[in-house]
Every structure is written in structure tokens, then in C-alpha cells.
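# Inside the fold
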Amino acid sequence: MLTGLRREMTALLQQYPIRRPCALRRSLHPDFLLAVDLPQAAEQDTVLAFTQRAEQEGWTVRQENGWLLLDHALPQPTCCEDAHPAGRLGNAVWLLRLHPSDVMDAGTLRLLAKAAEEGEKAVERVCDGCVRDWAVRLRRREALPGGLLPYMLQVACLLEERRRKP
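Parameters and conventions
Residues numbered from 1 in each chain as written. Predicted model: local features only at pLDDT ≥ 70, side-chain atom pairs only at ≥ 80, totals over all residues. Heavy atoms only, no water. Pairing = 2+ DSSP bridges. Helix = DSSP H or I, 4+ residues; strand = E, 2+ residues; numbered from the N terminus. Axes fitted to C-alpha atoms, helices over the stretch in contact; angles between N-to-C directions. Contact = heavy atoms within 4.5 Å. 1 Å grid on protein atoms, 1.4 Å probe; cavity = no way out; pocket = protein on both sides within 12 Å on 5 of 7 lines; lining within 4 Å. Points joined across faces, edges and corners; volume = space filled by probe spheres on them. Nonpolar A, V, L, I, M, F, W, Y, C, P; charged D, E, K, R; others polar. Phe/Tyr/Trp six-rings, centres within 6.5 Å; stacked < 30°, edge-to-face > 60°. Buried < 20%, exposed > 50% of the residue type's maximum accessible area, 1.4 Å probe, protein only. Lys NZ or Arg CZ within 6 Å of the ring centre and 35° of its normal.

### Describing the sheet that holds strand S1 (residues 24–26)
If you trace the 4 strands from one edge of the open sheet to the other, you get S1-S2-S4-S3, paired in antiparallel fashion. Strands at the two margins of the open sheet, each flanked by one partner only, are S1 and strand S3 (60–64). Along the sheet, successive strands turn relative to each other by an average axial angle of 25°, direction set aside. Sheet strands in contact with helix H3 (residues 44–56) are S3 and strand S4 (67–71), and its direction is about 150° off that of S3.

### Here's the deal with the layout of surface pockets
Counted as a void, the largest pocket has a volume near 160 Å³. Going through the elements one at a time, helix H5 (106–118) and helix H6 (120–139) are the ones with two or more residues in the lining of the largest pocket. When grouped by side-chain class, the residues that make up the lining of the largest pocket number 5 nonpolar, 1 polar and 4 charged.

### Things to note about the packing of aromatic side chains
Scanning the entire structure with this criterion turns up 1 aromatic pair. A centroid spacing of 5.8 Å and a plane angle of 85° characterise the contact between Tyr 16 and Phe 50, whose relative ring orientation is edge-to-face. Taken together, the positions of Tyr 16 in the loop between helix H1 (3–13) and S1 and Phe 50 in helix H3 put the pair 34 residues apart, joining distant regions of the chain. The class of Tyr 16 is buried, set by a relative accessible area of 15%. The cationic tip of Arg 25 hangs over the ring face of Trp 67; the distance from NZ or CZ to the ring centre is 4.2 Å.

Dropping the structure here:
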């Protein structure tokens, strides 16, 4: 889920003069997808120019502790409406299918995207937390974030592809 955004950011970074290669990684901050240590690898005017260009291209950028925190809307998934994942991901998908809504939870979407890049165990941890939170929502008669369903199905497809590769 982050591969395209990571490629886009890498291409953007290559357009600027830097003293050393930058580290581009998943952000540890819950409100951002990626982080890059550009402020440690480039002059301040380069960081400013990069930030302005990234914001023009739809990125949200915030500087914190020598890193630029980066967020961007994830592309709408085009994968596997008929997927039936197992495990905790399957439980989360089942709940969203059973209680459809248009509600989106951007924080959970970021967590899911970062977990999908990390691997199956991370996805299972995120989904376990989702199912617990959604059980509380259902008891309160609140809508579930049904907007996450296509993204969860895309994650199921990605994980299945990884399992098939030797």
C-alpha cells in the first residue's frame, strides 16, 4: 500500500542536492505514513524547497526532531472484492461486511498501511485492535468505519501474493 507513495517520495528526493543519501522509512508517528531525515542530510534552503514542492504535490509535511514527517492520501484500492481472508484480518473484514457504512477512519487506515508493509503479524495486531474497538462501537450502536473495507481487502490480496512467492 505504501510502495507507490514511497517511490514517488524517492523520486522527489532525488531532485534535490543532499550531502548523503536520506533514510526514508515508515513513520512512527500515528498521523503520518512516512518519515525522511532530509533536515540532517541537506541545507535548510533545500529542506524548505523540498517541503514546498511536496506540499504542492499533495503531501502533508511536518518537521520534528530532525525528520520530515510525511502524509498523503492513499490511492483507492482496486483489488479483490471477493477476497475472504482468514485470521484476525478475516474477522475485521467480516464485521465490516456485516455492518456496512461510508465512515472512514484515517488513523486506522495509516496503521493498516504501515502494518501491511511490515508484514502479516503486524496486520494481525492491527486487526485485533480494530475488532476490539469495533465491538465497543457496536455495543454503543455506532457505525463501523466501512470505508476501510476495500483497503483491508487489498491488504488480504497483498498478503496472499507474498505467501505465494517463494
